[in-house]
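# Architecture and fold: a report
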Amino acid sequence: MSVGLVIVSHSARIAEGVVELAAQMAPTVTIVAAGGTDDGGIGTSFDRVQAALGEADSGDGVVVLCDLGSAVLTTETAIDFAAEPERIRIADAPIVEGAVAAAVAAEAGGSMDEVVAAAEPVAREPERRADAPDAGPGDDAESAAEPARLEIVLENEHGLHARPASELVRTVSGFDAAVAVNGVDAKSMLRVLALGLDRGSTVVFEATGPQAAEAIDAVGALVRERFGE
Amino acid sequence: MSGLDGRWTRRWIEAVAAEVARRKLELTALDRAIGDADHGENLDRGFQAVLGRLEALDDDATPGAVLKLVATTLISTVGGAAGPLYGTAFLKASMAAGDRAELDAAGLVQVLTAARDGIVARGKAEPGDKTMVDAWTPAVDAAAAAGDDVRAALEAAAAAAAEGAAATEPLVAHKGRASYLGERAIGHRDPGSESTSLMLRAAAETR
């Protein structure tokens, strides 16, 4: 099971298109479109949103991506009416990029909080220290340990674009380790994509935590096999 | 008549539905200038659906029961931001009314306050953001200041809401679709503030 997603748009076609795009990255995640009004017009439907919230919850909760204002208002109202409102979260994220990032995080088995965090925009993140990977465990004593490190050139045709980036996120999510790619959290699809790493780029992976070495080995194998391209 | 009973509430809602139907093009024209040109049609769809469902309600339904039916119907039929906003307003109003058979002036003020607070909680707009809050807030204040005559309180609320709606014209919008327009929203009345004014005027004129 995984966190389910609901895409709420004023347009049925936008909602369905976003579902189609995000599903490509997350074949096992339940992603439900709730677009347009009951009669197929532009707007949002409380009944459609309410039904989609029920359909998307397979036990691990639901994260909702919305487009414009009243999509958020309608979703919040539906949450007020939900039997278990704590099982539903709205990600404050752009609907397309946020849905893709959320889908990848859900596919990797992320919790509701992790899926929301993956979706919310890079730009809102506070400035990070240049000398530390943000995925590091922080200022506690263990952070003194040397991270496992790999410096490697991307040779696959598409660099770290959407599909390879989702492969990377999925791979590192399988380890008990904090992995950074060029200083950003490698479990965050949006942050990885925002690096804009093309073929020929030199990439530095750093990992800390109990499975740091294994994570770096897996990432190295993934890059060397050119992300399966 | 002393207080506002369920039958009065029903007559008021029927008057609102009639006024929305009569003025829907005007409301939509306001929304076309600074929004997405659907406010009149959306509200009309919602209140026509309310009329249909009111027929199934018991004749002696309380004000709270009527308000709750309006709330759930608007939420599921309006289709724009007005659905969740007015839906939440009527829902909070129905909760404030509880199972009272009649509302006196103090009860009316509680109901109006709950409605306004519901809109603020849902839409997170403040006075001056060029939204329906700019009609609701002066209306609540005026009703509260009107004393213990429920008729006077309704009239004061309606008059204050009309002034509040007019006062949105020079404002820049900070919430809703109009907020994308920046200074181009200046000179246009907020459609939600006008529909609020319409509803409260209908209340003041319902006997």
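Predicted model, so just to flag it, every value in this text is computed and none were measured. (Residues numbered from 1 in each chain as written. Chains lettered and ligands numbered in written order. Predicted model: local features only at pLDDT ≥ 70, side-chain atom pairs only at ≥ 80, totals over all residues.)

## Points about the interface of chain A and chain B
Each partner contributes to the interface: chain A provides 12 residues, whereas chain B provides 15 residues. Secondary-structure elements contributing two or more residues to the side of chain A that touches chain B are α2 (46-56) and α3 (69-81) of chain A. When residues in the side of chain A that touches chain B are grouped by element, the largest group, 6 residues, is from α3 of chain A. Residue composition of the side of chain A that touches chain B, by class: 2 nonpolar, 8 polar and 2 charged. (Contact = placed C-beta atoms within 7 Å. Helix = DSSP H or I, 4+ residues; strand = E, 2+ residues; numbered from the N terminus. Nonpolar A, V, L, I, M, F, W, Y, C, P; charged D, E, K, R; others polar.)

## Details of the sheet that holds strand β1 (residues 4-9) of chain A
Residue and element names in this part refer to chain A. The parallel open sheet is built from 4 strands, whose spatial order is β2-β1-β3-β4. The open sheet has two edge strands, β2 (31-35) and β4 (88-91), and neither has a second partner. Each neighbouring strand pair of the sheet contributes to a mean axis angle of 25°, computed without reference to strand direction. Pairing analysis gives 4 bridges linking strand β3 (residues 62-66) to β4, with the strands arranged parallel. (Pairing = 2+ DSSP bridges. Axes fitted to C-alpha atoms, helices over the stretch in contact; angles between N-to-C directions.)

## Re helix α2 (residues 39-54) of chain B
Residue and element names in this part refer to chain B. Between the first and last C-alpha of α2 there are 22 Å, a value that for 16 residues agrees with the 22 Å anticipated at 1.5 Å per step. Taken as a whole, α2 has its buried residues at His39, Gly40, Glu41, Asn42, Leu43, Asp44, Arg45, Gly46, Phe47 and Val50. Contacts from the buried residues of α2 go to α1 (6-34), α3 (63-77), α4 (82-97) and α8 (191-205). (Expected span 1.5 Å × (residues − 1). Buried ≥ 20, exposed ≤ 12 C-beta atoms within 10 Å, placed from the backbone.)

## Thoughts on the sheet that holds strand β5 (residues 148-153) of chain A
All names here are of chain A. Strand order in the open sheet made by the 4 strands is β5-β8-β6-β7, with antiparallel pairing throughout. Strand pairing shows two members of the sheet lacking a second neighbour, β5 and β7 (184-185), which therefore form its edges. In this sheet, β7 lies alongside strand β6 (residues 178-181) in antiparallel orientation, the contact comprising 2 bridges. The residue of β7 that forms the bridge with Ala180 is Asp185.

## Quick look at the packing of helix α6 (residues 133-145) of chain B against helix α7 (residues 150-166) of chain B
Residues and elements named next belong to chain B. Running from N to C, α6 and α7 cross one another at 150°; their axes reach a closest spacing of 7 Å. By the criterion of interaxial angle, the relationship of α6 to α7 is roughly antiparallel. By crossing handedness, the relation of α6 to α7 is classed as right-handed. Contacts from Asp134, Ala135, Pro138, Ala139, Asp141, Ala142 and Ala143 of α6 reach α7 at Ala153, Ala156, Ala157, Ala159, Ala160, Ala161, Glu163, Gly164 and Ala165. Taken together, the residues that form the contact of α6 with α7 break down as 12 nonpolar, 1 polar and 3 charged. (Parallel < 35°, antiparallel > 145°, perpendicular 65-115°, else oblique. Left-handed = near helix turned anticlockwise from the far one by under 90°.)

## Thoughts on the environment of Gly110 of chain A
Residues and elements named next belong to chain A. Mapped onto the elements of the fold, Gly110 is located in the loop between α4 (95-107) and α5 (112-119). Between the C-alpha atoms of Gly110 and Val19, which are 91 residues apart in sequence, the distance is 18 Å. Every residue in contact with Gly110, bar those within four places of it in the chain, is listed here: Val3, Ala105, Val115 and Ala118.

## Digging into unusual backbone geometry
A positive phi angle, near 45°, is found at Asn182 of chain A, a position not held by glycine. For Asn182 of chain A, a count of 17 C-beta atoms within 10 Å translates into the label partly exposed.

## Observations regarding the domain arrangement of chain A
Residues and elements named next belong to chain A. Domain annotation for chain A reports domain 1 (4-120) and domain 2 (129-228). Computed over C-alpha atoms, the centres of domain 1 and domain 2 are 28 Å apart. Listed per partner, the contact involves 10 residues of domain 1 and 8 residues of domain 2. (Domains from an automatic or database assignment.)

## Describing α1 of chain B
End to end, α1 of chain B covers just 37 Å across 29 residues, shorter than the expected 42 Å (1.5 Å per residue, more than 12% under). Remark: the principal bend of α1 of chain B, roughly 65°, maps to Arg23 of chain B. (Bend = angle between axes of the 7 residues up to and from the residue.)

## Comments concerning the pairing of strand β8 (residues 202-208) of chain A
All names here are of chain A. Here β5 runs beside β8; their pairing, made up of 6 bridges, is antiparallel. Residue Val153 lies in a different strand from β8, and its bridge partner there is Thr202. With 4 bridges connecting them, β6 and β8 associate as antiparallel partners. Looking at β8, one finds that Val179 is bridged to Ala207.

## Remarks on the environment of Glu155 of chain B
Tracing the backbone shows Glu155 of chain B in helix α7. Spatially, the C-alpha atom of Glu155 of chain B lies 16 Å from that of Ser195 of chain B, the residues being 40 residues apart in sequence.

## Some details on the nonpolar core
Leu5, Ile7, Ala102 and Ala103 of chain A together with Ala157 of chain B are the most contacted members of the largest nonpolar core, which has 140 residues in total. Considering each element in turn, this core owes the most residues, 10 residues, to α7 of chain B. Looking at which domains feed residues into this core, each of domain 1 (4-120) and domain 2 (129-228) of chain A supplies at least three. In contact with Leu5 of chain A, other than residues within four places in its own chain, are Ala22, Val29, Ile31, Ala56, Val63, Leu65, Ala99, Ala102, Ala103 and Ala106 of chain A. Ile34, Ala173, Ala178 and Ala185 of chain B belong to the second-largest nonpolar core, a separate cluster that totals 5 residues. (Core = buried A, V, L, I, M, F, W, Y, C linked by C-beta atoms within 7 Å.)

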